[in-house]
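Structure assessment
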Amino acid sequence: MKRTWWKEAVVYQVYWRSFLDTNGDGYGDLEGVRQKLPYIKELGADVVWLNPFYVSPDRDNGYDIADYYQVMDEAGTMKDFERLLDEAHAIGLKVILDLVVNHTSDEHPWFLEAKASKDAPKRDYYIWHDPVDGGVPNNWRSYFAPSCWELDSQSGQYYYHSFAVEQPDLNWENEELRQEIYRMMRFWLDKGIDGFRMDVINLLAKRKDLSDVANPYDLSYLANNPGIHEYLQEMHEEVLQHYDCMTVGEIPFVTPAEGLLYVDESRRELDTLFHFQIADEMPTWDMLRFKAIQRDWYEGLNGRGWNSQFLNNHDHTRQVTRYGNDGEHRVASAKLLATLTHTLPGMPYIYQGEEIGMTGVTFDSIDDYQDIAMRNRYAEEVANGRDPEEVFASLQLLSRDNSRTPMQWTDEPQAGFTTGVPWMRVNPNYYELNVATDLEREDSVFRYYQQLIQLRKSHETLIYGTFEDLLPEDEFLHAYVRELDGTRFTIVLNHSDEPRDLSIDVEGDKIVLQNVKNDEARLLPHEARIYMKKTAI
Ligand code: TEU
Ligand code: CA
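Note that this is a predicted model, so its numbers are computed, not measured. (Residues numbered from 1 in each chain as written. Chains lettered and ligands numbered in written order. Predicted model: local features only at pLDDT ≥ 70, side-chain atom pairs only at ≥ 80, totals over all residues. Heavy atoms only, no water.)

**A closer look at the environment of Arg3**
The condition is simple: Each helix is a run of DSSP H or I of at least 4 residues and each strand a run of E of at least 2, with the numbering of both proceeding from the N terminus. Relative accessibility under 20% of the residue-type maximum defines a buried residue, over 50% an exposed one, and the middle range a partly exposed one, all with a 1.4 Å probe and only protein chains included. Contact between two residues is taken to exist if any of their heavy atoms lie within 4.5 Å; hydrogens are not considered. Two N or O atoms count as a polar contact when they lie within 3.5 Å, although within protein this holds only if one can serve as hydrogen donor and the other as acceptor, and sequence-adjacent residues are included solely when both atoms are side-chain atoms.
With respect to the helices, strands and loops of the structure, Arg3 is situated in the segment before strand S1 (11-14). Given the relative accessible area of 40%, Arg3 is considered partly exposed. Remark: the alpha-carbon pair of Arg3 and Leu273, spanning 270 residues in sequence, is separated by 17 Å. Contacts of Arg3, omitting those with residues within four sequence positions, involve Glu8, Glu460, Tyr464 and Leu484. A distance of 2.8 Å separates a polar atom in the side chain of Arg3 from a polar atom in the side chain of Glu460.

As structure tokens, this is what we get:
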């Protein structure tokens, strides 16, 4: 496939509010991100993805935007952002921003105007429906509420929201609205940003048939509706094609065949995507399923579109806790999982703290959690008469707050994140698990990420090479090959707590990276090895 800078890039995701607080108000800020740019560079990343920092009442941590053109106070000022961007560019880092255009905050002036009266000029920027039989138009749920319809008592109509009540969906059928969004995208691109991560971008087009669905909990009806590709092609034509930028779409509910429609290079929509067949659909590690997903996506996109690899982000429990071993084998396991995301086909994404193997949390009470998805679901289930403790326990593992605890920099109070009171509690394991400790040790998770990234950078084979799964049926051992122009990498991973025999032939191959010290052929628990061989001269 055509070589481009972003296909070769490693992205580092910064959830800024939990990254570094420089003024003691308990929130991370853009100035904190700026101060840590050299750290991100040292790790070896090429692109920084910043979660939303626009003005927002913060009901969903910035994903409810009230002003697309201003920086929220907690994050800092536009000057802070410009300085961050300049300094990032000066040291060779690119910066991409979160584009949240499926919905706004209910405090956005557009919505306030739309709500004011039925014939307000901006009424049509949102989606309204009359009551049906005196109630909601249908049985559809939303991500964060029991119904995707909320009654506006003033007009007597319902408005549509795929997420919280405070996040009304925009009506992409409205041409003027689309132009407003394109104008806003140009504003940031003209400032010099290098692209967008596009929040739930395949939800923009809404389902036209409003009949009840059989299972309202399967939210797939909210996504991939007719019209979506026309919107994305228009966005590409009007905005994206005029800039040297990258786009990664957040695209839940797609198979490889559907995913290809978004990233097929000849269709001129998006560059790459996050599909959720792992993050949303594989709650705990499932080797055979994981392997099948990787094979399917490789075959589905091969030669036509580019994939992305991630095992966690700000919405999903830390990967070493969810998919690996965060106890006895934490260090090896964190390195093994990194090996996966950096050697499977597609762009690797690192979520802040992953590079030191940060773990999930278990707080004692629902009051310690702030995740609106978790809190709303808890309230709903308890109101339905379920046992509060049982509900709490069932929501804990997947709570989005697992990955939102502050970054653990040092063993000082509050993990060196803030001198004040952090907006979210620090994970108590920061005393041992922190950046400072990892930087001191040669065999730390951080040092391994550095080596892995350097290895990928020095070998196009790991980026553009073919992919072949050598052990599709093995439940514990993972082995696959990447090959290109006479160089072959064989990646072998023992994804289990037991030692395992190496069941493939690597005679004559040389180990170029290994996550534990081991000279035996037999693999140790959570051992990862990367073998290399020149197959042609
Ligand atoms: O998330 C979309 C989303 O809800 C799923 O893709 C995600 O896997 C789910 O939360 C898992 O439970 C995006 C943002 O990443 C998220 O933080 C926002 O809350 C949401 O959109 C609404 O903007
Ligand atoms: Ca701050």
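What follows continues from the structure just given.
**A look at the pattern of salt bridges**
Two side chains bearing opposite charge may form a pair once their charged atoms approach each other closely. Put simply, the rule is: Think of a salt bridge as a Lys or Arg side-chain nitrogen and an Asp or Glu carboxyl oxygen that are within 4 Å of each other.
Overall, the coordinates contain 36 salt bridges when judged by the stated rule. Notably, a salt bridge pairs Lys191 with Glu82, separated by 2.6 Å at the nearest N-O pair. Of this pair, Lys191 sits in helix H5 (residues 175-191) while Glu82 is found in helix H3 (residues 78-90), placing the two residues 109 residues apart along the sequence. Its relative accessible area of 26% is what places Lys191 among the partly exposed residues.

**Section: the coordination of the calcium ion (ligand 2)**
Inclusion rule: Each metal site is built from N, O and S donor atoms within 2.8 Å (3.2 Å for Na, K and Ca), and since water is not included, such sites may look incomplete.
Looking at the metal site, the calcium ion (ligand 2) is ligated by Asp21 (OD), Asn23 (OD1), Asp25 (OD), Tyr27 (O) and Asp29 (OD), spaced 2.3 to 2.4 Å from it. The sequence pattern formed by the donor residues of the calcium ion (ligand 2) is D-x1-N-x1-D-x1-Y-x1-D. Of the two residues examined, Asp21 and Asp29, each falls in the buried class.

**Quick word on the site of ligand 1**
Here is the rule: We call a residue near a molecule or strand whenever a single non-hydrogen atom of that residue lies within 4 Å of it. Values of accessible area rely on a 1.4 Å probe in the Shrake-Rupley scheme; residue burial ignores everything except the protein chains shown.
Around ligand 1 lies a shell of 17 residues, among which Asp60, Asp199, Asp280, Asp315 and Arg400 are the nearest. In this structure, His314 approaches ligand 1 through a side-chain N or O atom, which is 2.9 Å from an oxygen atom. One nitrogen or oxygen atom from the side chain of Asp315 is found 2.5 Å from an oxygen atom belonging to ligand 1. Computed on the free molecule, ligand 1 has an accessible area of 490 Å², of which 91% lies beneath the protein chains in the complex.

**Some remarks on the domain arrangement of the chain**
Spelled out, the test is: Each domain's extent was defined by an automatic or database domain assignment.
By the assigned domains, the chain splits into domain 1 (109-160) and domain 2 (463-534). Domain 1 and domain 2 are separated by 54 Å when their C-alpha centres are compared.

**A few points about H5**
Two residues of an α-helix separated by three or four positions point the same way, owing to the 3.6 residues in each turn. Just so we agree on the cut-off: By definition here, a helix of n residues has an expected span of 1.5 Å times n minus one. To be clear, the arc concerns the directions from the helix axis to the C-beta atoms.
In this model H5 runs 25 Å from its N-terminal to its C-terminal C-alpha over 17 residues, within 8% of the 24 Å that 1.5 Å per residue would give. Residues of H5 that are buried include every one of Leu177, Arg178, Ile181, Tyr182, Met184, Met185, Trp188 and Leu189, and no others. Burial along H5 is one-sided: seen end-on, the buried residues are contained in an arc of 160°. N-capping of H5 is provided by Asn174, with a side-chain oxygen placed 2.9 Å from the backbone N of Glu176. After H5 finishes, the residue Gly192 shows a positive phi value of roughly 115°.

**Focus on the packing of aromatic side chains**
Under the convention used in this document: Note on aromatic pairs: the rings of Phe, Tyr and Trp (six-membered ring only in Trp) are paired at centre separations within 6.5 Å, and the planes decide the class, stacked below 30 degrees, edge-to-face beyond 60, tilted for the rest. Geometrically, a lysine NZ or arginine CZ counts as sitting over a ring once it is within 6 Å of the ring centre and also within 35 degrees of the ring normal.
Inspection of the entire model under this criterion finds 37 aromatic pairs. Ring centres of Trp149 and Tyr160 lie 5.4 Å apart, and the angle between their planes is 70°; this geometry places the pair in the edge-to-face category. In this pair, Trp149 sits in strand S7 (residues 149-152) while Tyr160 sits in strand S8 (residues 157-160), placing the two residues eleven residues apart along the sequence. Under the relative-accessibility criterion, Trp149 is labelled buried at 5%. Judged by relative accessible area, Tyr160 falls into the buried class, the value being 3%. Taken together, Phe53, Tyr54, Tyr69, Phe81, Phe187 and Trp188 form an aromatic cluster joined through their ring pairs. Positioned above the aromatic ring of Trp306 is the side chain of Lys7, whose terminal nitrogen or guanidinium carbon lies 5.2 Å from the ring centre. When the ring centre of Trp5 is taken as origin, the NZ or CZ atom of Lys94, which lies over that ring, is 4.5 Å away.

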